[in-house]
Structures are given as C-alpha cells and as structure tokens.
Amino acid sequence: MQLHAGDVGFLWQFGPERTAAALRTWSREGRILGVGMVDGPDLVRLAIAPEMHNDEDLARQMADDVTRPERGVLSAGKAHVEALWGGRFRELLQEGSWELDEPWIPMVRDLSEPVVDSGLRVEVVGPDRSTTGSRFTGSIHRSKFSAERWHAMAAGTPYANARCLVGYNGQGDAVAATTVWSAGPGKPGLLEPLGVHSDHQGHGYGKAIAVAAAGALREMGASSATVCAEASNTGAVGTYRSAGFQPQPEVRDLRRID
C-alpha cells in the first residue's frame with residue numbers, strides 16, 4: 001500500500017487550498033516520481049512510482065528532504081514517515097536517525113470475481129444525507145467532521161471516484177458506514193474510513209459494510225479493495241478477514257529517534 005488518491009480526497013474536507021499546501025512532489029524531467037502528503041506537523045505519507053523503489057538519486061533526495069526541517073516537509077523533533085514499500089529510501093533513513101515504528105497489516109480483497117451481497121441494506125449518501133455520513137465519519141475518527149466538511153470533501157476532485165455508503169439494519173437504524181475511493185478502472189480501491197455505530201457493535205455489521213464496500217469498488221472498476229489496520233487492532237483485522245480481505249506481510253512506518 002502507498003498513499004492513495006482517497007487519502008488526498010479525505011483531506012479535502014479542509015478545502016483545496018489546505019490540501020494543496022499539504023502535498024509535496026518529486027519530479028525528474030517533468031515526470032512526477034514521488035508524492036507526499038503532510039498529515040499534521042509530524043507525519044508525511046508517501047508514494048513513489050513502483051519502478052523507482054531502488055533509484056539511488058530519488059531515494060537520497062527524498063531522504064534528505066524529509067530529514068531536514070528547512071526543506072519544508074517535516075518539522076524538527078518528533079516525526080514519522082509512512083513509506084510502505086521496500087527499497088533504498090527506507091534503507092537510507094534507517095542508516096540515519098530513523099527506526100521502525102509499530103506494525104500495520106495491509107489487507108487486500110481481489111475483485112476479479114463478483115461480490116456476493118452482504119445482506120445489509122446499503123445506501124449511497126448524497127448531499128441530502130450528508131449529515132448522516134458526516135456523523136458517522138466524525139465518530140470513526142473522533143473528530144469534528146461536520147456536514148460542511150462532508151460537502152467540502154465531496155466537492156474535491158478525488159471524490160468524483162468515491163462513494164459514501166451507510167448500512168441500515170432491519171429496524172431502519174443506520175448501523176455502519178464507510179467511504180470507498182477508486183483510483184480509476186483497473187487500479188486498487190481504498191476503504192477510508194469504516195466504522196460501526198457504538199450502539200450496534202457485535203452483530204456482524206462491520207463485516208457486512210466491508211463486503212458492501214468491496215462490491216461498490218468492483219462496480220466502479222477497481223481491481224482490488226484495500227485497507228490497512230494496526231496489527232494490535234485484532235478486532236479490525238479479524239473483521240476484514242471475515243469479509244474476504246487477505247492479510248499481507250506487515251509493514252511499519254519509520255520514526256525519528258530523539
């Protein structure tokens with residue numbers, strides 16, 4: 001897993017100016033080879049072109065830029081780098097003042113075959129239902145996500161390839177929600193965020209909404225559905241596994257050693 005279009009799309013809740021200010025790019029001869037999203041003062045989330053994983057010049061430039069505060073990527077002191085691929089960039093950081101952080105488990109569901117209906121009634125949230133979607137998203141992230149932020153997110157360019165889904169139980173209660181993000185036909189899709197209402201946990205709604213998310217991404221042409229959970233969050237890992245998501249080898253962010 002790398003930084004996904006959906007990660008940028010979710011940040012768009014704060015508006016296009018803040019989103020643009022959070023992005024960093026590394027280019028060569030007019031072609032973007034690496035992208036970073038500054039997610040707060042002490043975290044940058046990165047992606048690079050797959051064929052550049054062991055490019056020495058790119059790795060050294062990116063390592064230098066994320067390490068030196070004057071380069072405008074990360075502030076001094078405590079800092080984290082999300083670079084979930086193997087290669088020269090991670091080696092260079094670990095040769096310096098960076099060490100491995102806590103493990104995460106990437107999980108992938110292949111979408112080459114049809115997705116069986118989850119059994120949960122699921123609706124796509126539009127502008128008229130934005131309050132429901134924003135309430136769930138705010139509770140999942142324990143944030144002040146509001147209907148206004150939902151509209152800002154939905155107005156962003158990445159949301160053209162996204163859907164906000166809400167699941168309802170037999171009594172008509174909204175019990176689970178997720179947003180799915182496509183990066184285009186034939187490319188991996190992302191679930192971000194996903195959660196079950198605290199009053200309705202323990203009834204299989206997490207599995208059901210994850211299956212529904214996979215089905216929605218397949219309808220949108222995604223090649224796979226992807227999500228990443230903390231290895232310590234065994235409940236989340238188990239839920240995604242039950243929904244057909246296959247765990248991949250664990251990955252770790254890097255943190256700067258004080």
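What counts, and where the lines are drawn
- Residues numbered from 1 in each chain as written.
- Predicted model: local features only at pLDDT ≥ 70, side-chain atom pairs only at ≥ 80, totals over all residues.
- Heavy atoms only, no water.
- Phe/Tyr/Trp six-rings, centres within 6.5 Å; stacked < 30°, edge-to-face > 60°.
- Buried < 20%, exposed > 50% of the residue type's maximum accessible area, 1.4 Å probe, protein only.
- Helix = DSSP H or I, 4+ residues; strand = E, 2+ residues; numbered from the N terminus.
- Contact = heavy atoms within 4.5 Å.
- Expected span 1.5 Å × (residues − 1).
- Arc of directions from axis to C-beta.
- Polar contact = N/O pair within 3.5 Å; in protein donor to acceptor, adjacent residues only side chain to side chain.
- Salt bridge = Lys/Arg side-chain N within 4 Å of Asp/Glu carboxyl O.
- Pairing = 2+ DSSP bridges.

(A) Representation of the packing of aromatic side chains in the model. Taken as a whole and assessed by the stated rule, the structure comprises 4 aromatic pairs. With centroids separated by 5.9 Å and ring planes inclined at 25°, the aromatic side chains of W85 and F89 adopt a geometry described as stacked. Residue classification places F89 among the buried positions, given a relative accessible area of 2%. Aromatic side chains W150 and Y159 sit 6.0 Å apart centroid to centroid with 70° between the ring planes, which places their arrangement in the edge-to-face category. The burial state of W150 is the same as that of Y159; both residues are buried. One aromatic cluster is present, built from ring pairs that chain together W150, Y159 and W181.

(B) Summary view of the side chain of T19. Counting through the fold element by element, T19 comes out in helix α2 (residues 16-22). Judged by its relative accessible area of 2%, T19 falls in the buried class. Ignoring anything within four residues of it in the chain, the contact list for T19 reads V8, L11 and W12.

(C) Local environment of unusual backbone geometry. In this model, E192 is joined to P193 through a cis peptide bond whose omega is -5°. Within the secondary structure, P193 sits in strand β9 (residues 188-196).

(D) Local environment of helix α3 (residues 56-67). Between its first and last C-alpha atoms α3 spans 16 Å; for 12 residues at 1.5 Å apiece the expected length is 16 Å, and the two agree. All buried positions along α3 are accounted for by L58, A59, M62, A63, D65 and V66. Buried residues of α3 fall within an arc of 165° about the axis and therefore sit on the same side. Looking at where α3 begins, the residue whose side-chain oxygen comes 3.3 Å from the main-chain nitrogen of D57 is D55.

(E) Representation of the pattern of salt bridges in the model. Under the defined criterion, the tally for this structure stands at 18 salt bridges. Of the charged contacts, one joins R71 and D65 as a salt bridge, the two residues approaching to 2.5 Å between their closest N and O atoms. Classification of R71 by relative accessible area gives partly exposed; the value is 34%. The exposure class assigned to D65 is buried, which follows from its relative accessible area of 10%. Taken together, the salt bridges that share partners define one network made up of E56, R60, R88, E91 and E95.

(F) Main features of the pairing of strand β12 (residues 251-256). The sheet contact formed by strand β4 (residues 80-82) and β12 spans 2 bridges and is antiparallel. Bridge assignment links V81 to a residue of β12, and that residue is L254. In this structure, strand β5 (residues 98-110) lies alongside β12, joined through 5 bridges in antiparallel fashion. Bridge assignment links L100 to a residue of β12, and that residue is L254.

(G) Broad picture of the environment of S112. Checked against the element boundaries, S112 lands in the loop between β5 and β6 (121-124). S112 gets classed as partly exposed once you look at its relative accessible area, which sits at 49%. Between the C-alpha atom of S112 and that of A59, which follows or precedes it by 53 residues, the distance is 34 Å. When near neighbours in sequence (up to four residues on either side) are disregarded, S112 contacts R218 and S223. Looking at S112, its side chain comes within polar contact range of the side chain of D110, at 2.3 Å.

(H) Broad picture of the environment of L74. Take L74: it is sitting in the loop between α3 and β4. Overall, the relative accessible area of 3% leaves L74 in the buried class. A C-alpha to C-alpha distance of 6.2 Å links L74 and P41, two positions 33 residues apart in sequence. Not counting chain neighbours up to four residues away, the residues in contact with L74 comprise P41, D42, L43, V44, V66, P69, A79, H80, V81 and W98.

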